[in-house]
Structures are given as C-alpha cells and as structure tokens.
There are 2 protein chains.
Amino acid sequence: FCALSPPPSCVTHGRAMDARLAALRALMVEHGIQAYLVPSEDAHGSEYVCLCDQRRGWLSGFTGSAGTAVVVAEGPALLWTDGRYFTQAEQQLDAAQWELMRMYEPGVPQVEQWLGKHCSGMVVGLDPALWSAHRIRQWEALLEPQGVSLRPIPGNLVDAIWQERPVVPRNPVKAHPLRFAGEGVSSKLERLRDGLVREGCGAIALEALDQVAWTLNLRGSDIACNPVFFGFLLVTTDSAHLFLGRGSAPDIPPDAQLSPEALQQLAEASVDVLPYGSWAVMLPTLLQDAAARARDHAARSCRIMLENGRCSLATRQAAESTPGWSVHEVDASPPENFKAIKNDCEIEGIRQAALRDSAALVDFICWLENAIRSGEHVDEVSAAATVRETREHYSKEYFVGESFETIAASGPNSAIIHYKAEESSKRDLKPNEMFLLDSGAQYIDGTTDVTRTFFFGSEPSSEQRRCYTRVLQGHIALAQAVVPEGIPGIMLDTFARSALWKDCLAYGHGTSHGIGAYLNVHEGPFGIGGGNHSGKTIKGNPRMLDVYMSPVMPGMFLSNEPGFYQVDAWGMRIESDMVASALPASADNKKWMRFETVTKVPMAKNLIDVSLLSENELTWINDYHQEVLSKIQPLLLNEAASVWLREACSPIEVA
Amino acid sequence: FCALSPPPSCVTHGRAMDARLAALRALMVEHGIQAYLVPSEDAHGSEYVCLCDQRRGWLSGFTGSAGTAVVVAEGPALLWTDGRYFTQAEQQLDAAQWELMRMYEPGVPQVEQWLGKHCSGMVVGLDPALWSAHRIRQWEALLEPQGVSLRPIPGNLVDAIWQERPVVPRNPVKAHPLRFAGEGVSSKLERLRDGLVREGCGAIALEALDQVAWTLNLRGSDIACNPVFFGFLLVTTDSAHLFLGRGSAPDIPPDAQLSPEALQQLAEASVDVLPYGSWAVMLPTLLQDAAARARDHAARSCRIMLENGRCSLATRQAAESTPGWSVHEVDASPPENFKAIKNDCEIEGIRQAALRDSAALVDFICWLENAIRSGEHVDEVSAAATVRETREHYSKEYFVGESFETIAASGPNSAIIHYKAEESSKRDLKPNEMFLLDSGAQYIDGTTDVTRTFFFGSEPSSEQRRCYTRVLQGHIALAQAVVPEGIPGIMLDTFARSALWKDCLAYGHGTSHGIGAYLNVHEGPFGIGGGNHSGKTIKGNPRMLDVYMSPVMPGMFLSNEPGFYQVDAWGMRIESDMVASALPASADNKKWMRFETVTKVPMAKNLIDVSLLSENELTWINDYHQEVLSKIQPLLLNEAASVWLREACSPIEVA
C-alpha cells in the first residue's frame, strides 16, 4: 500500500477552496469550455506525484493518491475515487461545492459515462500533457456521438491559477551500480532495441519515470518515496536521448543533475542528454534524423512504439505530426515487461533487504508491545517515526528512505484502508485496540512493503480472531500456491479471498501489486485482484482487464496482502513480499511456479483462531515462524527483541 | 461435454477425400480466390450442427465439434482445433493433404495471424451466412494492412461440390408447456422489448437457435441432441416474425412444421410466420415497416440490436442496407442473458430431471459393475446403448433423447477428452482398466450432463488414486464455494484446479459450461475456465475473455467438471450439474451465492486416497453420499441397485 499526501500547507478549507473553484471557472469561460478535467497523474502517468503536480489535491482538498476531478460551469464539481478512499474523500471534500462519485459502486457512472449523459452540447477541456492519448481517443469515440466535444488545451488551467505553487524538484540523479542492477545499460538498450525490431518499430518514447530509471540504471528523488527523477527517454535503433532538467532555467545545462558516475554510465551507453522542456519539440526532429540514417532499412521501421497507459496525448500528437512516422500501440512497453522480471542479482538484493527490513520490524514490534503494555505513551505519528528510525538503524548506508508514507493506524483508524495519521487528529495506541502497521523502505539493494496487524491486549473478540484467521488463511493459500507459469493475476486472487468468502466477508482492494527493485513500490504490468468487483465491472474497464489478466511469471516480485475492514471499528491486513520462482517442468512439459515469501516477520498468534485452521495451514504457520526465527534472530541488535522473537515464533500447538 | 459426429457414411478416406479438395480448389479458381475458409458452424452459429451443415467434417475428415479449415490453392490445407481434439484430429486427417494447427499451443498462430503472414496479396473467400460479422470485421481491420483481402461469396462452395449431401431436416416443432417453461411467450417478448428500449433499440434479430426456441417456448429436433429447430426471429417493439421451413419447397406453408399448440402459442403472442429462405430479403422490409409505424417515436429507436458472436455477416449486411437503420452490437442478447437465469419452475424441473437421471445412472453402474466382475462381455458401444435404455426406463414419457453423444471410454480411450466409440474400433470394458462415462439426456423438464469415472477392479495404482483424489478435491472446492454474486467464471476456475496444481497436474479443457432447461447442453453467456491457458492467450482471445469474464449469477445452471488425462494410458473426469443460488445479503449489503449440486450419483470410493483429504473434504464426501442415498434409493426400480447404492454411499472412515 501507498498513501502519499501533500503537507497540510497545500490544502486549506472554506473560502480559500471556493476561490480556487471560482478562479478555475473564470478561466474556463475565457477558454470557451463548459467543463475541465483534472487528473491525479503528472505528465509521466505517475501514481504518486510531487507537490507541484498535485493539482487535483490542491483544487479539491482531497489528497488520496487516486481520483479524477471534473469541474463544470454550473452545479457542484465532481470527484471520482475508488473504495480505498471513500471515507477520506467524504472527510476532505467540501460537500457544498463537491460531489463524491464512488467508483464501481452500483449505479455510479464512470467519468466518461457521466460526461456523455450530462455534457451533451458542451466543450470539455483537458491538458494534453496529463492525459493518456489512448484514453482520450476512446472517450472521443464514445462521446462524440453524444454531442460532447473534448478539447486539449496546452498549458494547465490549474497551474495558471495556483498561487504559491511549490517549485519543481530537480534533485541529484545517481548511478544504480551494476552489483545491484545485475545488468548494464548497454545490455538493457540492446534488449529493448531487439524488442522494437521484433515488433517492426524503429523507436520508442518512454514517459513512465520508473521505466526511464530502470533502463538507464539511474535513481533520483524527485517524487517522495519513489527513487525516480523527471525525464523522458527516446530510444531509436541507433540512438538514445534523455530529456532532463524539468523547469530549470535555460542557462543551466540539462545534465546538471547527473552525478559523475551517472554521466559516465550514459556516455558509455551512448545516451545523449537534452533539455526536458524540448521533449515535444525535439521528438519529430530526432525521429526524422533516425529515419534519414536508416533510409536503407525496411520502410516499416518508421513506426514508434507508444505505451497505451502512459503515452500522453501531447507526446502522441508530436509523434503523429512527424512525416513518414506512424504509431504502434502496446499495452506494456518492453522495459515495463523487462523490469518486472527480476534478475538473480536483483533477487538476491531483494532477499537481503527484506531480511534487514524484517529484523528492524521485529525490533520495533517488540519495543512497541513492551511500551504499550507498560503504559508508555505512543501515538500513531510517533510510532511511524520510530519505525523509520529503526529501519535506518538496521540498514545503515543501505537505507534510502521510506517506500511510501507509513500507515500506522490504531483502533477505528485501522479500518481506513489508506489511513494517514496527522498531528491534528492522531490517535494514541492502546492495548485493547487493533493496530495496523503498513510500511516499507527503499534500500539500495531492494524495496519493501510489509503490513502486520496486532492486538497487544489480552482479549481480542472472537469476531476479530475469526476475521484475522480468515485473512491469514487467504495469505497462506496464495503464499503456498503452485500454479502454471503465466497464470493471470485474477485467478490468483481466488486463493487470497476464498477463506474470507466462506464467511461472506470481503475486502475492497487488490491483493497484490508488483514491486520494483529499488524502484517504485507499485509497478506493473500485472496485479492480483478483481475479486472485489463483478465480472461485468472488470469487463467494462480496460485498465483493470489489462492488469488482472496479465500473466504472472517467474522472477516477478510482488506483495501478498489480503485484509478485512469493519468500518468505524477495526481493520486488519497481512502483507508480505514474495518472489515468483520457476519449478522444474512436469512430465507433460508444462511450466510451473510457486512463491517464495521474502518477508520474515511473525504473525499475531493471539489473533489466530486455531479451530478454523486446517492441519496444512497450521503447519505452514509453524514452518514460517521457524524460518523467521532462524533467519532473523542472528540479525537482531538487542537481546529483548531476541527474547520476544523466540516467543512470537514458538510453535502453535493444537489443543 | 458434447461430442457429435456425422455417421461414418459422411466421411471417407484416401482418394475420395483428395477429390473433394481438388473440386473445391477448382471452384476457387473460378471465383478468383486463393484461399477459402470453412468453419464448423451453421448459419445460426450452432456449436453442434446437423449432417447437411457438417461442411468442415465432410471436407477434411475431422469430425470433432470445433475446428476451422483453411484451404489454400497450393500446399496442404490447414485445420485449426483445440486441445480436446488434437488426438482425434491426428487420427482423422490425411497428413499428406492436411496440416493440423494446434490452437493455443506455444508458437501456433491463430487463423487470422496465419492468414496475415501467408496470404499477403491474396483474396480469401468465405460464406457470409456462416461467419459472424463481428469476427470478419475484426479480421478485415487486421488483414487489410497486411494485403489480405476477405471476400464474402454468397452461396457455399462446399455445398456446391457436395454430392449426396444429406437433406435439411424439418422436424415437427412442439410447444414447451408453461408448467415447465415457467414464463409465457408474451411475458418473454415484453421483457425483451423492455431490454431493447432500455438500450435505445427498436428491433433485434435472433439467429441462435436456442435463443429462438427459448423466446417462443418451442422445441424441435432438427439438430441431434439439441431440442431446437431451424428458424430466425425478428422482434421489433410492436411485431415479431419467425422464419421457418428451411429448405422446403415454395408451395409448403412456412408454418407446416408447427404443432397445433405451437401455432396457438404463436398466435396468442402475435408472432407471424414467414418462410426461412426470405430472412435476408424480408429483414429490410420489416424494419422499414416498423420505422413507419413508429414515426412519432424518437429517431434512435431505428437501431437494430445484433449479437456479436452470432450475427452473421449476411444478416448484418441486410440490416445495414436498410435506409435509416443502424446497428447496435452487444456481446450477449437479452434472451441469451434471460435464459441463463432459470426461474423457479425451471429449477424445480431441473431438480426432478436430475434425480430421475441420477437414479438411472446408479442402476446402470450397479449393473455394469456386476456384469464386468462376473465376466460378462460389455463394450463401449453396448455400454452406451444400455445407459440410454436405462434412462428411458427411469423417465418414461419425460425422456426425449440424449443431450449429447455418450462418451463411454475404456482404458487408454478414457484419456481422449472427447472420445467417441465406433463399432470398428470399440474396446471391451475390463475390470482393471479405467472406465469414464460422460452422458446426459434431454427430458421435457430438464437437461442433464454427468460424468463419473470407475475402476471396477480391486487395485487401481497409487498414481491413479492420487490423481482421482485431486480431481475430486477440485470438484468439491467448486461445489462448496461461497462467492460474491457476479463473480467472473475465471475466478471460479481456480477452485477446480488448485488441488491438481499442487502436484503440477493440469487438464486441457474448461471446468464448466451453462446448461439449458430442456435446451442445448452447452449454453452461454458465461463459462468457468481459463486455467489451462496463459493470461496472455486469454487477453488475446476476445471470445475467451468474453465467456470467462462474464458474471456468474444466482439461477444459473452449470456443470462442474474437472478432470485429468494421462495420454495413452487413462483419463478421469468428475462432472455434476449445479444451480447457483443466492445467499442472504451480508451486513455490509453485499450479495453472495453458492452452488447446489443437483446430480446425485456416488463417487468411486476405491479411487480415493483418503490420506490426501482434509477433514472438511471428507465430510463433504460423506454428506454428499448420505444425500445421494436418501434421495435416490426411493427411486430405484430394482433391489440389486438399492443394495449396491447403500454400499457405494457408506461413510468413508479415517484409518
């Protein structure tokens, strides 16, 4: 899980918020549009965006990571978000000005359906740099017959009215050394170029920041918790250009952000650096140059590959304006697919990072349990700070920072799936309340994302124990599943949910996301999920279909995180990270795989109702705890934690 | 499972087959085409077709129910079929003339991919009445840029060279009485018309034979095992026309096939009858008449709804040629969706039919076991005949016929998923060989489809017992699953396969299909499956995606049939029929459902390895057997069967 919010300074309430909407509406009149679309994403399709790109949050007050705002000339503005954020959005939106659209709930139209129904005869404006070309073309096909006209307006109307907008970050970009990356830039570019040629393409535009960082073995810190930097990358069959230095003055060279090692790495792989702002202008020129160099090649190499989900309308328009070039759309670019399959070196780094991370968590949980039982004051904010300190202490120079903002949620807050503790509203931790901790870190050898739920008092209710056990059974079913190579994520989702379903219990989020190797904590192209939607909803949602139907392959690194949430009361989630690994082929030559759980943090034994467990599940838990003990105990830096871990990992006996 | 083959008379070998290909190629030259496409389907998109429509079977010699032939001017002709039929196709195709294309195997292109690669610059002919408009338009979009031109040729080139083609059947059409249908024709037409208006349509063309039969509460017997008749149905908001009498002489009135009750039923619902052959000609006229009557309505009612999968290119061209009318494509027509959800009356009929059917099977299995153990001669063909007789004996006037050709497969034949015993090659049943029986019947109150696998000898191998137990565990997991209403079939597939997957075992067919209520034994719009394909394959196959992502809803009637096949040695499958039924909504207002297994036939206890079972699974088996005994024993017509059933249903004790 990830939850990233702007600091409170960005968001305000009451009149100031009304003024923002009024200013935008005035600008809409100037442009002759009757509605304006404000997405969450930045110009790179990022899920988490830096402060200066949090336009939807600044405008609406809603700071969740996912949501789309539609501002119309008359009547309330609308904000679409999904089940993870219903509670938060209700609290943050001013109901007098904003209407919350609960995505995927029965009877709630999707954005484009709403536009078709309510905006007939209107012109709807949008920023072509922030919207995917693929989506806008689909919407156009749907909306044009309904009399709705979509108009791309270069420049952003929210930016134009945003006074005191935070500055664009331009942090140092460092080399990600070969001993962690496991593959050099030249080799990655060679694989990418092979992929282009195989698909009859002569170039590719990469806009997703993690794809750019992975391809070039570079890491930055322009977006909190995500070790990426603002850049576009154009790769042709014989050239590569990185566009760097977003928002910098014209007299600053575009490679000013790069460390000496990073510069050297790019030079060795023949990657040139150009100014970020020239991306859309230079794209046609560079493509024409490439075509001129390749004139003796087959004509069909004048196709540029663009990724449906990430390619912005602005980039697509630039590519399409290039004489002689055409566009080849793909669901996932070669780097998106390559980076999902970790190499042996990355997997070893991931294992090591997970061990140190687990040791830190064990140390923290031991400290927390003792603190709470002995009546020390700990609140959600201080708990999150201590987790971070403990991680840094255990990983020293390997530690870079958090991989997302920690969710430390106590009591009823634990039922808010993407809870973020604020100084103003934080809750104290108490022995007889549920405590959910979802946190992770960026290490130079790997990324982590772990959730454990605890009840430090002596008497969790039988309902709490039943639900925790159902969640745990789902977690175990997925952790020990043996499945065919290439299984779509949606089929894996059944493993995680079926124990809860037995008791007619459900959770409103996905079960698993891909995780980067010292990269974004959420990455594609696959995901495990779908079970919280009807088949009809998924069929009607190309993005869900694409993610949940994507094959899961050996080498992929992913989370395993079923949960359950009793609204206004308590919530629980169990999340470990896993690597998919190949099994020997069976006699009929079919390929199989299973998962290796790299996270080694014990479960809450006092929340387990042993009577619900099968023999096999009980064995899994005891084996897992045995493994945790043997791997983590040697890494612990204090004796109390060691004592605590021995107890936490002692076998559960059947009564 | 269904396997329907033409009688041997239709298919021959050697020179006669070569002559057929040669004659077709000569005709291709006359029409100026370099390739010709021959599908399995008739003009109604039927899965199982009558003899005169088995063009692909007649031409190629391959008689499986699914497959597409492509005949090119030079080089071998090609035949695509799926995993169920690889073995059969290898045996039936003349390898000197035909190349088998194993669908969904790695590296095997789909038909349209192959055409794109090998037919550049060619004209590819096809019969517009036999191909879905939706598919051909998709192929055109793909193939045109590759220089392949698709040409619809009215009339069928195979028919033109088919000497001694069997006559078109025109059997009596009877009324399906209200006491079984549970809903009258007028009510069905009203629901259909409401559905059209909701989608902004003024008409619908129904071509699928089971949709026509369901809507009009009529049943026929034009296609073996499927109680349907050849007919098209056009319904507008204020009229309905049935096109009947395929292939009849002009002087025969189109309603000649209809029984007096059927005639009365149609008259009461204001359904007019027109000649079958005038379908494409009359369609534009009737649509224009409807538009003239409705001139005061909104203009958008001049849309005709057509089902993507079933609407033929010929019908679509006729609709599109109608001035003022446009086409609205849907994945599944309202009748396709309506008929999948059985009403209470249909469900009660299904239960009763399943009980009588189960009693007949119990009687048969008891007889068979005794016969084989006492050394009587029984072969696959005589076993199938006896099953049929026993069913008729148990259901008397309710019995109509088989719902598909019985698969009675002994020893290595049981590993052929769609095996069909022939007099010339049939095998004797032996005590120490596996025997798989997949059979079903049409009763006027319901349809059945049941598979059981037996080993009448005393010592099945430990591998056979392990595999049977894994199949049974999958069957149980699906049978007792509690799931959210509307879950896509692909997520249910995990339940059926995960026990086999534990041992890296797989089966190459779907897990479940919808079943009609005294209608086709295979019906849509959903299916449980996907687990035998990679996510990539399913994503690339719109039909699979459509079927496996369709929501499963309460009231649906479906099979539960995992299996396992050790090629050339033995195979096993366990199939019961189930009704999905709603559970009370949970506290959070979510809707849930589970399955009721209506088939009551015991499992093979000597094939179960009890050591692999969980306590829960063992309880399920013992409870199921207890239920079988209490429901079936009272229906048995002989004492020996009663004794046998008591033993077969005695509880399994844990050692």
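Residues numbered from 1 in each chain as written. Chains lettered and ligands numbered in written order. Predicted model: local features only at pLDDT ≥ 70, side-chain atom pairs only at ≥ 80, totals over all residues. Heavy atoms only, no water.

(A) Summary view of the UniProt feature "domain: Peptidase M24 C-terminal" (unreviewed entry) in chain A. When the UniProt feature table is mapped onto this chain numbering, "domain: Peptidase M24 C-terminal" (unreviewed entry) sits at residues 591-652 of chain A. The span residues 591-652 of chain A is 45% helical and 10% strand by assignment, and the distance between its end C-alpha atoms comes to 35 Å. (UniProt positions renumbered as here; feature names shortened; annotations may be inferred. Helix = DSSP H or I, 4+ residues; strand = E, 2+ residues; numbered from the N terminus.)

(B) A look at the domain arrangement of chain A. Residues and elements named next belong to chain A. Parsing chain A into structural domains produces domain 1 (8-161), domain 2 (174-339) and domain 3 (356-648). Distance between the C-alpha centres of domain 1 and domain 2: 30 Å. The largest per-residue losses of area from domain 1 upon contact with domain 2 belong to H44, H134 and R137, which jointly make up 40% of the total buried on that side. At the junction of domain 1 with domain 2, the criterion picks out 2 salt bridges. Here R246 ties to D53 by a salt bridge, and the two come within 2.7 Å at their closest N and O atoms. On inspection of domain 1 and its partner domain 2, the count reaches 10 residue pairs in polar contact (both at pLDDT 80 or more). Among the elements that make up the side of domain 1 that touches domain 2, the one with the highest residue count is helix 5 (residues 133-143) (4 residues). A breakdown of the residues in the side of domain 1 that touches domain 2 according to their chemical character gives 12 nonpolar, 5 polar and 4 charged. (Domains from an automatic or database assignment. Buried area = accessible area lost by both parts, 1.4 Å probe. Salt bridge = Lys/Arg side-chain N within 4 Å of Asp/Glu carboxyl O. Polar contact = N/O pair within 3.5 Å; in protein donor to acceptor, adjacent residues only side chain to side chain. Nonpolar A, V, L, I, M, F, W, Y, C, P; charged D, E, K, R; others polar.)

(C) Summary view of the relation of the copies chain A and chain B. Turning chain A through 180 degrees and shifting it by 0.0 Å along the axis lays it on chain B, with an RMSD of 0.0 Å. Overall, the copies show the geometry of a two-fold rotation axis. The rotation axis passes nearest to the C-alpha of M491 of chain A in chain A, at a distance of 2.5 Å. In this assembly, 100% of the residues forming the interface of chain A have copies in chain B that are likewise at the interface, indicating an isologous arrangement. (Least-squares fit on C-alpha atoms with pLDDT ≥ 70 in both. Contact = heavy atoms within 4.5 Å.)

(D) Quick look at the packing of aromatic side chains. Throughout the structure, instances matching the rule amount to 28 aromatic pairs over all chains. A centroid spacing of 6.0 Å and a plane angle of 75 degrees characterise the contact between W80 of chain A and W114 of chain A, whose relative ring orientation is edge-to-face. Of this pair, W80 of chain A sits in strand 3 (residues 77-81) while W114 of chain A sits in helix 4 (residues 111-118); the two residues are 34 residues apart in sequence, bridging distant segments of the chain. Seen from their ring centres, F232 of chain B and W279 of chain B are 4.6 Å apart, and the 10 degrees between their planes marks the pair as stacked. One end of the pair, F232 of chain B, is in strand 10 (residues 231-236); the other, W279 of chain B, is in helix 11 (residues 279-293), with 47 residues separating them in the sequence. For the pair shown, F232 of chain B and W279 of chain B are each scored as buried. (Phe/Tyr/Trp six-rings, centres within 6.5 Å; stacked < 30°, edge-to-face > 60°. Buried < 20%, exposed > 50% of the residue type's maximum accessible area, 1.4 Å probe, protein only.)

(E) How the structure looks around the pattern of salt bridges. Residues and elements named next belong to chain B. On inspection of all chains with the given rule, the structure shows 70 salt bridges over all chains. Across the pair E523 and K339 runs a salt bridge whose closest N-O atoms are separated by 3.4 Å. Of this pair, E523 sits in strand 23 (residues 523-528) while K339 sits in helix 13 (residues 334-340), and the two are 184 residues apart along the sequence. Here E523 matches K339 in class, with each residue buried. D445 is the salt-bridge partner of R356, the closest N and O atoms lying 2.9 Å from each other. Taken together, the positions of R356 in helix 14 (residues 344-373) and D445 in the loop between strand 18 (441-443) and strand 19 (446-447) put the pair 89 residues apart, joining distant regions of the chain.

(F) Molecular detail of the UniProt feature "domain: Peptidase M24" (unreviewed entry) in chain A. Per the UniProt record, "domain: Peptidase M24" (unreviewed entry) is found at residues 348-580 of chain A. Helix makes up 37% of residues 348-580 of chain A and strand 23%, and the two end C-alpha atoms of the span are 13 Å apart.

(G) Region of interest: the sheet that holds strand 2 (residues 68-72) of chain B. Residues and elements named next belong to chain B. The 6 strands lie next to each other as 4-3-2-1-5-6, forming an open sheet whose pairing is mixed. Edge positions in the sheet fall to strand 4 (98-102) and strand 6 (149-152), since each of these pairs with one other strand and no more. Each adjacent strand pair in this sheet contributes to an overall mean axis angle of 25 degrees, direction not counted. Two elements, strand 5 (residues 123-126) and strand 6, share 4 bridges in a ladder whose sense is parallel. Pairing of G125 across the sheet is with R151, part of strand 6. This element, helix 1 (residues 15-31), spans strand 1 (35-38), strand 2, strand 3 (77-81), strand 4 and strand 6 of the sheet and lies at about 65 degrees to strand 2. (Pairing = 2+ DSSP bridges. Axes fitted to C-alpha atoms, helices over the stretch in contact; angles between N-to-C directions.)

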